[in-house]
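# A closer look at the structure
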Amino acid sequence: MKRSEQKPSPKCEGSKSNGPNRKQDAQENKRRPASAKSKPETKKTHEPSTSKQEKQPVECEKKKSPAQTANKKQADKCEKEKSSSTPVEKKHTDKNEKQKPAAKKSDKKQTEKSEKQKFPVTSLDRKYTDKSEKQKPPFKTLDKKPTDKCVKEKSQSTSLDKETAKDTAPVNTILKERLSGHQDKCKLSMEEVSPAARAINSFINEFIKELKEISSLNWSSFKSGSYYDKTKNCHPDEFDIMFYPILSVEVNFDDMKIPGFYKVKMVSPRVPELEHVLDKDRYIVPDKFKKYVFGLFDRVLGPDGIRQGRRTKRKPTLNPCSPAYTVYYDAFPGKSPIDIDLVPSFYIDGWPPGKIARKINPSWISIDDVVNKAMISYDVVCKTCPEGGADKDLLFRLSFSRTEKMLVKHANSADKLNFKKNAFRFIKLCVQDLKDKHPRKVKKFCSYHIKQFMFTQYDTWPTRESEEVRIQRCLIGELIKTLSLETPTILNYIIINDNVIRYVPSDEIAVIVKGLQEKVKLLH
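Just so it is clear, the model here is predicted, and its values are computed rather than measured.

Here we come to unusual backbone geometry. The backbone of R282 sits at a positive phi, close to 70°, despite the residue not being glycine. At D369, a position not held by glycine, the phi torsion is positive, near 70°. By secondary structure assignment, the location of D369 is in the loop between β7 (338-349) and α14 (370-374). Judged by relative accessible area, D369 falls into the partly exposed class, the value being 40%.

On to the packing of aromatic side chains, then. Throughout the structure, instances matching the rule amount to 23 aromatic pairs. Pairing F455 with Y458 gives two aromatic rings, centres 6.4 Å apart and planes at 65°, and the pair type is edge-to-face. Of this pair, F455 and Y458 both sit in helix α17 (residues 447-458), 3 residues apart, which is roughly one turn of the helix. Residue F455 is classed as buried on the basis of its relative accessible area of 1%. Centroid distance F455 to Y493: 5.1 Å. Interplanar angle 45°. Geometry classified as tilted. Pair noted here: F455 is in helix α17 and Y493 is in the loop between α18 (468-483) and α19 (506-520), with a separation of 38 residues, a long-range link. Both residues of the pair, F455 and Y493, count as buried. Taken together, the ring pairs connect F203, F207, F243, F294, F297, Y325 and Y329 into an aromatic cluster.

Counting through the fold element by element, I476 comes out in helix α18. For I476, a relative accessible area of 1% translates into the label buried. Discounting residues that sit within four places of it in the chain, I476 has contacts with F426, I427, L516, V520 and L523.

Think of an α-helix as turning once every 3.6 residues; residues three or four places apart then point the same way. The end-to-end C-alpha separation of helix α16 (residues 420-437) is 26 Å, in line with the 26 Å expected for 18 residues at 1.5 Å each. Across the 18 residues that make up α16, a large majority, 13, are buried.

On to the environment of P236, then. Relative to the elements of secondary structure, P236 occurs in the loop between β1 (219-224) and β2 (238-245). For the pair P236 and E192, spaced 44 residues apart in sequence, the C-alpha separation works out to 6.9 Å. Discounting chain neighbours no more than four positions away, the residues touching P236 are L188, E192, V193, A196, Y227 and I338.

Another aspect to go through is helix α15 (residues 401-409). Burial analysis of α15 places 7 of its 9 residues in the buried class, which makes it a mostly covered element. Those residues of α15 lying buried are S401, R402, T403, E404, K405, L407 and V408.

Where α18 meets α19, the closest approach of the two axes is 10 Å, and the angle between their N-to-C directions is 155°. When the axis of α18 is compared with that of α19, the two are roughly antiparallel. Viewed along their axes, α18 and α19 form a crossing whose handedness is left-handed. Here R473, I476, L479, I480 and L483 of α18 come into contact with α19, specifically with I509, I512, V513, L516, Q517 and V520. In terms of residue class, the contact of α18 with α19 is built from 9 nonpolar, 1 polar and 1 charged.

To continue, consider the environment of L188. By the element assignment, L188 lies in the loop between α11 (173-186) and α12 (190-214). On a C-alpha basis, the gap between L188 and C234 in space is 5.1 Å, while along the polypeptide they are 46 residues apart. Once you skip the residues sitting within four places of it in the chain, L188 turns out to touch V193, Y227, K232, N233, C234, H235, P236 and R425.

Reading the values: the criteria
Residues numbered from 1 in each chain as written. Predicted model: local features only at pLDDT ≥ 70, side-chain atom pairs only at ≥ 80, totals over all residues. Heavy atoms only, no water. Helix = DSSP H or I, 4+ residues; strand = E, 2+ residues; numbered from the N terminus. Buried < 20%, exposed > 50% of the residue type's maximum accessible area, 1.4 Å probe, protein only. Phe/Tyr/Trp six-rings, centres within 6.5 Å; stacked < 30°, edge-to-face > 60°. Contact = heavy atoms within 4.5 Å. Expected span 1.5 Å × (residues − 1). Axes fitted to C-alpha atoms, helices over the stretch in contact; angles between N-to-C directions. Parallel < 35°, antiparallel > 145°, perpendicular 65-115°, else oblique. Left-handed = near helix turned anticlockwise from the far one by under 90°. Nonpolar A, V, L, I, M, F, W, Y, C, P; charged D, E, K, R; others polar.

And the structure:
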């Protein structure tokens, strides 16, 4: 009986250890691609097609190269962004998904191209440039001209009337008494005022008389300052006197580079005494004129001058740019000396052009003809211009002391509350306290700056009855906001585009703001 042939079982076939083709099969397996090797296993599984798609990425993930893994992370990131994208963003993302192998390079090129063309940054582009944006300086398109922006913002001050109406903080008896106490501190003692006024009048009369004897010019004087406009605080111990020769001069307004500073030309016929202070075009050189007049002042107050001169001592000049010759006048033995600023100047009839000085028309002055008289003249003083320029050494500073004196003096004429000048004096007192507390830090900010600020506030003064406490704390709040601007700005009430505090150091302004914030707490 013939023995039947038996086929080897799969077990025997798979477990062959010796056979003629073992080496050949191993070499052939090495040559096969990975997909071919896994095919038999795939056929054995008999799983649904969905299971195949789920498991295959898991297996492939293990075999992916680092580059493929990075691409997957980038794809996952894009997938997360898809959920919050707008339709336009989604469309753009889908397009990028199709070009995924080159997405990284194309995105980089696209970002660089956008940067070169300076296209505006949109919400779509920002997602692809966030990384590079972190390495860039802050975007400053909106801050291109911060100074101009701040000046425009403050060209029309916030209405004090509206600010006061919005102030709903209570005003009680304690606050009223506190403000009243500060106002009493501001008041001048009549026992001091009359003797001081007589002493200063006598000083000026003797001074002019002696000045005319040693000079061929016809000299006159003008009393300015807080004592004469009734806003002086505490003691009548400071006076400002302007001295000027009666001559014909004209201001050259052609050069408008620096607001408030202009050249002045001698128009009067030949004046031998002042020929040495003129340049070849007959423009007056401020520094030469100031030094010459200061020399005359030295002679008037010297041993051979007026008898009051024996009781004067010249204050050391700390600021060479100042136009004033300052003396301490010991008018009353045993009491503090009086501080007198003697300022050489030129008087000019008329009013500057509208492009230089605005024509004022304050509604807060009700006395007939006061405003018209306030605009009939002005002066120029030898204040050194702090900015550079071709004709810097020929520039005088415009002075409207005559106009300002009349405005302040009659400020309460249309005010039922009669509080404008008191408010001005209160703020001056607050700043003076800061000067006394920080003498090395608060030097340049002065009552002139406060005066310009107050004129603007008077234009929007409350028209209805209101508590003085409420008005005062709103005033200080407005001053704090003004000084806290990126470019602190107090515009001159008369001179166009003249920021009067542009030369005050920022650290000094910071001290003043902090001090005022403490002061305003007293009224809350």
